[in-house]
Amino acid sequence: GENVSLMFLRGRIEMAMEDHDAVEETFGRVTTLAPKLVEGAMMLGQSRLQRDDPAGAAEVLETGIKRHCGTGTCQVQPVSAPAARMLVQCYLDQGVKLRDAEDLLLQIRGSEEGHITWADHLLWGRLHDARGDAAKMIASRDAALEAVPPDQPRAREEIVKYLGE
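No experiment lies behind these values; they were computed from the predicted model shown.

### Quick word on the packing of aromatic side chains
Here is step 1 of the chain: Summed over all chains, the structure comprises one aromatic pair.
Here is step 2 of the chain: Between phenylalanine 8 and phenylalanine 27, the ring centres sit 5.1 Å apart and the planes meet at 80°, which makes this aromatic pair edge-to-face. Taken as a pair, phenylalanine 8 in helix 1 (residues 4-16) and phenylalanine 27 in helix 2 (residues 20-33) lie far apart in primary sequence, 19 residues in all.
Here is step 3 of the chain: Here phenylalanine 8 falls in the buried class, since its relative accessible area comes to 12%.
Here is step 4 of the chain: The ring of tyrosine 162 carries the charged tip of arginine 126 above its face, separated from the ring centre by 4.0 Å.

### What to know about the pattern of salt bridges
Here is step 1 of the chain: All chains considered together, the criterion is met by nine salt bridges.
Here is step 2 of the chain: Among the ionic pairs, glutamate 62 bridges to lysine 97, the shortest N-O distance being 3.0 Å. Here glutamate 62, found in helix 4 (residues 54-69), pairs with lysine 97, found in the loop between helix 5 (81-94) and helix 6 (98-110); they are 35 residues apart in sequence, far enough to count as distant.
Here is step 3 of the chain: Given a relative accessible area of 43%, lysine 97 falls into the partly exposed group.
Here is step 4 of the chain: Where arginine 131 meets glutamate 102, a salt bridge forms, and the shortest distance between an N and an O atom there is 3.0 Å. A residue pair is termed long-range when its members are at least 10 positions apart, and arginine 131 in the loop between helix 7 (118-130) and helix 8 (134-147) and glutamate 102 in helix 6 qualify at 29 residues.
Here is step 5 of the chain: Among the charged side chains, a network of salt bridges with common partners joins Arg99, Glu102, Asp103 and Arg131.

### As for the nonpolar core
Here is step 1 of the chain: The biggest cluster of nonpolar side chains holds 34 residues, and the ones touching the most others in it are Phe27, Leu61, Leu87, Val88, Leu104, Leu105 and Leu127.
Here is step 2 of the chain: For this core, the elements supplying multiple residues, two or more each, are helix 1, helix 2, helix 3 (38-50), helix 4, helix 5, helix 6 and helix 7.
Here is step 3 of the chain: Among the elements that take part in this core, helix 5 stands out by supplying nine residues, more than any other.
Here is step 4 of the chain: Setting aside anything within four residues of it in sequence, one finds leucine 127 in contact with Leu92, Leu98, Ala101, Glu102 and Leu105.
Here is step 5 of the chain: Ala144, Leu145, Ala155 and Ile159 belong to the second largest nonpolar core, which has nine residues in total.

Thresholds applied
- Numbering of residues starts from 1 in each chain and follows the order in which that chain's sequence is written.
- At least 70 in pLDDT is required for a residue's local features to be given in this predicted model, at least 80 for side-chain atom pairs to be given and counted, and no such filter applies to totals for whole chains, interfaces and linings, which use all residues.
- Each side-chain value is derived from all of the structure's non-hydrogen atoms; neither hydrogens nor water enter the calculation.
- Planes of paired rings set the category: under 30 degrees apart is stacked, over 60 is edge-to-face and the rest tilted, where pairs are Phe, Tyr or Trp rings (Trp by its six-membered ring) whose centres lie within 6.5 Å.
- Put simply, DSSP marks the helices as runs of H or I at least four residues long and the strands as runs of E at least two long, and each gets a number from the N terminus on.
- Only protein chains enter the area calculation, which uses a 1.4 Å probe; residues under 20% of their type maximum are buried, those over 50% are exposed, and those in between are partly exposed.
- Throughout this description, the term charge over a ring refers to an Arg CZ or Lys NZ atom that lies within 6 Å of the ring centre and within 35 degrees of the ring normal.
- Basic side-chain nitrogens of Lys or Arg form a salt bridge, by our definition, when they fall within 4 Å of a carboxyl oxygen of Asp or Glu.
- Remark: nonpolar core denotes a set of buried residues (Ala, Val, Leu, Ile, Met, Phe, Trp, Tyr, Cys) joined through side-chain atoms within 4.5 Å.
- Contact between two residues is taken to exist if any of their heavy atoms lie within 4.5 Å; hydrogens are not considered.

Shown next as structure tokens:
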């Protein structure tokens, strides 16, 4: 059969070359051959986000997270925090499924791998902003800015881009 590791490598190279059609094909095969491997769905999601298709990204991530978890609510194993973060970003970019976004953020907070990072605070801030809760948004923004390591100036720029100074 086909070697999933080699396909992954090929897909990453296609991604670096921004050959999104090839990425779709390669990671489409990866998700078929290794459906429980959430990273395949994440690569497809990332490619679709770069193509400015958050709805398409959300679709592939929802499926990937469901397959990874076995149930969709991740009682079998903890949610993949990186995949969940990407899906929350898709929802917020479209302004849809805010309730699902909150559930995913709570699952990240509750999972062992979910050390709360500046990126999580940013996502919470964007969720509060989408709901018009300025006080909570500001608290999340401040927490995000505080959590940024000094060697990550771009993280700071991203927080300011979405949540202001």
